[in-house]
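Reading the structure
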Amino acid sequence: EYGGLAYLSQTVPTVSGGLYLFSFWLANPELLFGPGNNEFQVSWNSAVLFDQVDMGPFDFTNMQFLVPAAGFTTTVQFGSENDSDYFALDSVAVTPVPLPSFQDATFSSHAISLEWATTTGLQYQVQYTSDLSSHGWTNLGDALTATADTLVATDPATNSHRFYRIILLSP
């Protein structure tokens, strides 16, 4: 659109209270006609997630947002203006994200292995504490990025009791 934002929107089915990964690929190709006004805006149920103006050229970039659903449908909306060229938008997806919870815990060879369901591309942090009444949790290693449907973290056995939790990190 020239001179103002043009909008593209779609209503998608969601589960109220559910968590979703809203992702798409965006590019601002070479400025064929020189610099000019541009703006790209992304909204999830009227909440603006991304709004940038006067962006220079860039190759396809994967944009990801971890968003909650407030109802049984959600409207995703893109607003675009690029007076000197165009934006390229591709592979828009809204994927339900399961809340992390342990599926399996096994003890062998003096270590405990914890397994949970994941969403590819998201990061998870396993933490532990020996006292649930305390508010201090310790990270068990570095954050893990999911490359498949499940992840496994291993903790060497210690002489103390430990409680574990998984934190889903924002993309």
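Attention in this report is confined to the structure presented alongside it.

Rules of the game
- Residues numbered from 1 in each chain as written.
- Predicted model: local features only at pLDDT ≥ 70, side-chain atom pairs only at ≥ 80, totals over all residues.
- Heavy atoms only, no water.
- Phe/Tyr/Trp six-rings, centres within 6.5 Å; stacked < 30°, edge-to-face > 60°.
- Helix = DSSP H or I, 4+ residues; strand = E, 2+ residues; numbered from the N terminus.
- Buried < 20%, exposed > 50% of the residue type's maximum accessible area, 1.4 Å probe, protein only.
- Pairing = 2+ DSSP bridges.
- Axes fitted to C-alpha atoms, helices over the stretch in contact; angles between N-to-C directions.
- Core = buried A, V, L, I, M, F, W, Y, C linked by side-chain atoms within 4.5 Å.
- Salt bridge = Lys/Arg side-chain N within 4 Å of Asp/Glu carboxyl O.
- Polar contact = N/O pair within 3.5 Å; in protein donor to acceptor, adjacent residues only side chain to side chain.
- Contact = heavy atoms within 4.5 Å.

1. So, the packing of aromatic side chains
- For the coordinates displayed, the defined rule picks out 12 aromatic pairs.
- Look at Phe-24 and Phe-65: their rings are 6.2 Å apart centre to centre, the planes differ by 25°, and that puts the pair in the stacked class. Of this pair, Phe-24 sits in strand β2 (residues 19–28) while Phe-65 sits in strand β5 (residues 58–68), placing them 41 residues apart in sequence.
- When its relative accessible area of 0% is taken as the criterion, Phe-24 is described as buried.
- Using a relative accessible area of 15% as the deciding quantity, one classes Phe-65 as buried.
- Both rings, one in Phe-40 and one in Phe-87, keep their centres 5.2 Å apart while their planes meet at 65°; by these two values the pair is edge-to-face. Highlighted residues: Phe-40 in strand β3 (residues 38–44) and Phe-87 in the loop between β6 (73–82) and β7 (88–97), separated in sequence by 47 residues.
- For Phe-40, a relative accessible area of 3% puts it in the buried group.

2. Description of the sheet that holds strand β8 (residues 102–108)
- Across the sheet, 3 strands lie side by side as β8-β9-β13; this open sheet has antiparallel pairing. Of all the strands in the sheet, just β8 and β13 (150–156) have a single pairing partner and so form its edges. Here the strands of the sheet are splayed against their neighbours by 20° on average, with no regard to which way each runs.
- Bridge analysis of β8 against strand β9 (residues 111–117) gives 6 bridges, and the strand direction is antiparallel. Paired with Ala-105 across the two strands is Leu-114, which belongs to β9.

3. Some points on the environment of Gln-10
- Residue position: Gln-10 is located in strand β1 (residues 6–13).
- Of the residues examined, Gln-10 reaches a relative accessible area of 51% and is grouped as exposed.

4. A short note on the nonpolar core
- Core analysis: the largest hydrophobic core is formed by 16 residues, its most contacted members being Phe-22, Phe-24, Leu-26, Phe-40, Val-42, Phe-50 and Phe-65.
- When residues of this core are traced back to their parent elements, those giving at least two are β2, β3, β5 and β6.
- Tallying contributions element by element places β2 first for this core, with 4 residues.
- Counting residues in hydrophobic clusters, the runner-up holds 14 residues, among them Trp-116, Leu-122, Leu-151 and Ile-166.

5. Some remarks on the pattern of salt bridges
- Under the criterion given, the structure shown has 1 salt bridge.
- Note that Arg-162 is salt-bridged to Asp-155, the shortest N-O span being 2.6 Å.

6. Let's talk about the side chain of Gln-125
- By the secondary structure assignment, Gln-125 is in strand β10 (residues 123–129).
- Within the local environment of Gln-125, its side chain forms a polar contact with the backbone oxygen of Gly-141, the two atoms lying 3.1 Å apart.
- Apart from the residues lying within four places of it in its own chain, the contact partners of Gln-125 are Asn-139, Leu-140, Gly-141, Asp-142, Ala-143, Arg-165, Ile-166, Ile-167 and Leu-169.

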